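The lines below spell out each chain.
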Amino acid sequence: MSEDQKTPRRRNWGVVIVGVIVALIGLILAIGGGWLVALGGSPYYLVTGVAMLISGWLLIRGNPLGGWIYGAVFVWTVLWAFWEVGTNGWALVPRVIAPIVLLLAVLAVMPLLTPRISWRRALAGGVAVVLVAALTGVVLGRINEPAIAALPTAGAGMADPALMQVGADWPAYGATYSARRYSPLAQITPENVGELERAWVAHTGDMPATEQAAKMYGAETTPLKVGDSLYLCSAKNILISLDPATGKERWRFDPKVADEFIPYTAACRGVSYYAVPGATAETPCATRIIEGTLDGRLVAVDARTGRPCADFGRNGAADIKIGMGDVYPGMVSITSPPTIVRGVIVTGHQVLDGQQRWAPSGVIQAYDAVTGQLRWAWDMMHPDRTGLPPEGETYARGTPNMWTTASGDEQLGLVYLPMGNAAVDYWSSLRRPEENRFATSLVAIDVTSGKPVWSFQAVNKDVWDYDFGAQATLVDWPAGGSVVPALLLPSKQGDIYVLDRRTGRPLTPVGLIKAPAGGVEPAQRAPTQRVSLWHTLRKADLTERDMWGMSPIDQMVCRIQYRRAVYKGFYTPPETAHHTIQYPGYNGGTDWGGVAVDPRRGVIVANYNDMPNYLRLVPRAEADKKGWAPREQSRGRLGGPEGAGDPQAGTPYAIDVNAGWRLPLTGMLCKQPPYGGIRAIDMRTGTTIWDRALGTARTNGPFGIPSMLPITIGTPNNGGAVVTAGGLVFIAAATDNLFRAIDLRTGRTVWSDVLPAGGQANPMTYEVNGRQYVVIMAGGHHFMETPIGDEVIAYALPRRG
């Protein structure tokens, strides 16, 4: 026996540490992989875990065979990854990035185990791995670059049936009550937008006074510009007028909304402007700003001075809660601007979701724009009534509400109401026939009589919180050589319908799909559900392969959750014994930001969310043990984001929704990116012109740590877009706190700016003194987990000369 053979090999702690890491990862993958196989899932994790256990054990013992085995595991992993997901770059990230990092560690210690492998060779091998990975990433990026079709040829545009017109102004939330979010201004173009700079910054001064209030703030306002003034509301309804050229404050009016009236979010999306017919410039409140408040009032102030209009209601306000009976603070709030057609203010309101079956009524109300007197009230359970309920009675409780914004046709005298669901979203057995008829529907109301003219329902007996969030957008529709007055109706399911706005008749194909049966109310579930056959933003059903994470471990956890859940595809009914997967989730498709339409080019611009929900109905006894109670019984306690622990009192089940389906430890989403996108659609054909992910990864990362990576991942987004005649789309909305300009022709971002807070608001644009401005509210949003702020920011090209 030689001396070398007699001398025991010295243990190298670097090798041991690498071996322990490989073995521990292998142990986790083997245990989890065995569970996944038992659930009918992929065997990859079990096989890989066992091989890594062997590799790690050999490395700990100083045997170089452990390194070679891990090399074989890596090759097998790469082959499996490309077999399972092909060249999908985002899908490859959790499958190969972490194994590459571990391979570099193994290569680094191999010279300590095998004298034939020098440090130079190991370093060269590591460099080669990195270079190949980088080159592969570049190639995959090119392969996955979305296609771009040609824009339609510009035409003469479309007539706007709204009373006001957009030129240098922006007189309504959606530009006009047609809600096209389009401006004919063309000073800013893709060629010069790179020069865009901040022209001014104003502050609302409305920031939360307490830590509890900070958890519920989310300013979403879109200012109006009429003549020489800009008008907006803060998170808690402070009305402000600014000089549109400088941002200097002219006046403010505080309606004094207390924190106790904040629902899930302190949000005021906008205000409404009204000019009194025949009034002279000297007449008080000849022009007025009208807003709905979080405590359920309509407030009217003089547009010139900000003083309350004495002739409106009582001291300038009308209380919409009259006739509703008991209303606990925060249960009824107006978060969206009212719509004014033919001098009639039409408003809905938000009824706090998920609290109790017999929550306050979702009644739609209309008031005289001059006097503030109630014109009519549409209570779907009492269609014969037109005003307040009789003495001793209330508007029917628990009925579907309209929490978002209506659109209006001045010529037809119709307002279009995107209706929500009954007072609890995930239980339907107690709903009345009228609720089943009008829930999750667009309802056209005659503004003079307050009577429904027609309705179009998108979901039959909705138990998925798929209420309509977006305004309907009014367009002229070519049909048979003529033009039909139509509207575009986007939904949270991702479907876009085109309806004749006079009758509600579909102008594009609408079909029925077979819906899954089962759930806790099988007799309530409809056998079929309606879908648009013209265009949808919805993607294919989820599969186990769509599960994601930052590493094979959390991807495996998501796969296990997927296999344990009940998922039968689109419209899977909620369960109680198991979690169910809802895809798309309740935040989109399209939510309150709506769509934008370029009427000259005939292009629809729609941003959308692409995330699932992971939810479970919680039996009443279990919910009671958790302390889930309606707001009035829990002293205003809010358990977190909407749906996460909602009691649904008065039904057998509470609801617990993991919105976005996050992992509890890392906070990563279980579905692979993108989580949100933006798409341009040819309005004439319904075909996609371009479709791109919206939002970068700069503020996102595991454990809530911002990665600061400028990689377009496609984030969740709330808020809409503005499209201009200059060929640009302006949008914030995403969780990366960026305000961006997108070239309408290509979908490419051609300019961006970092906002001081989240931009979960619709932007707007206007012109003053020959200069075009673009404005966005940077207020943040607690649900989107973006920073809150009070900045209103205006951008413009540099002054010349």
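I will try to describe carefully the structure that is included in this document.

**Description of the pattern of salt bridges**
Part 1 of the reasoning: Applying the stated rule across the entire model yields 35 salt bridges.
Part 2 of the reasoning: Residue D259 pairs with K236 through a salt bridge whose shortest N-O separation is 2.7 Å. Of the two residues, D259 sits in the loop between strand 6 (249-253) and strand 7 (272-275) while K236 sits in the loop between strand 4 (229-233) and strand 5 (239-242), which places them 23 residues apart along the sequence.
Part 3 of the reasoning: Close ionic contact of R252 with E249 constitutes a salt bridge, the shortest N to O distance being 2.9 Å.
Part 4 of the reasoning: What emerges from the salt-bridge pattern is a single network uniting E84, R95, E544, R545, R559 and R563.

**Looking at the state of the cysteines**
Part 1 of the reasoning: Tallied over the entire structure, the rule returns three disulfides.
Part 2 of the reasoning: Each disulfide pairs two cysteine sulfurs, and for C233 the partner residue is C268, the sulfurs being separated by 2.1 Å. Disulfide C233-C268: the torsion about the S-S bond is -100°, which places it as left-handed. Placement of C233 in strand 4 and of C268 in the loop between strand 6 and strand 7 is noted, with a sequence separation of 35 residues between them. The pair C233 / C268 is uniform in exposure class, with both members buried.
Part 3 of the reasoning: The disulfide that involves C558 links it to C670, with 2.0 Å between the sulfurs.

**Here's the deal with the packing of aromatic side chains**
Part 1 of the reasoning: For the coordinates displayed, the defined rule picks out 24 aromatic pairs.
Part 2 of the reasoning: On the numbers, 6.0 Å between centres and 65° between planes, the contact of Y562 with Y567 is edge-to-face.
Part 3 of the reasoning: Of note, R269 hangs over the ring of W592, and the distance from its end group to the ring centre comes to 5.0 Å.
Part 4 of the reasoning: A cation over an aromatic ring shows up here: R545 above the ring of W83, its NZ or CZ 4.9 Å from the ring centre.

**Structural notes on the side chain of N717**
Part 1 of the reasoning: Along the chain, N717 falls in the loop between strand 34 (688-693) and strand 35 (721-724).
Part 2 of the reasoning: Of note is the side chain of N717, whose polar atom sits 3.3 Å from the backbone oxygen of T715.

**Considerations on the nonpolar core**
Part 1 of the reasoning: Of all hydrophobic cores here, the largest spans 49 residues; its most connected members are W200, F730 and F739.
Part 2 of the reasoning: The dominant element in this core, judged by the number of residues it contributes, is strand 40 (residues 771-778), at six residues.
Part 3 of the reasoning: Not counting residues up to four positions away in its chain, the partners in contact with F739 are F730, I731, A732, W751, S752, D753, L755, P763, V774, I776 and Y795.
Part 4 of the reasoning: The next biggest cluster of nonpolar side chains, apart from the first, holds 27 residues, and it includes L36, V85, L92 and L113.

Parameters and conventions
- Residues numbered from 1 in each chain as written.
- Predicted model: local features only at pLDDT ≥ 70, side-chain atom pairs only at ≥ 80, totals over all residues.
- Heavy atoms only, no water.
- Salt bridge = Lys/Arg side-chain N within 4 Å of Asp/Glu carboxyl O.
- Helix = DSSP H or I, 4+ residues; strand = E, 2+ residues; numbered from the N terminus.
- Disulfide = S-S within 2.5 Å.
- Buried < 20%, exposed > 50% of the residue type's maximum accessible area, 1.4 Å probe, protein only.
- Phe/Tyr/Trp six-rings, centres within 6.5 Å; stacked < 30°, edge-to-face > 60°.
- Lys NZ or Arg CZ within 6 Å of the ring centre and 35° of its normal.
- Polar contact = N/O pair within 3.5 Å; in protein donor to acceptor, adjacent residues only side chain to side chain.
- Core = buried A, V, L, I, M, F, W, Y, C linked by side-chain atoms within 4.5 Å.
- Contact = heavy atoms within 4.5 Å.

Without other data, these values stay purely geometric and don't point to any function.
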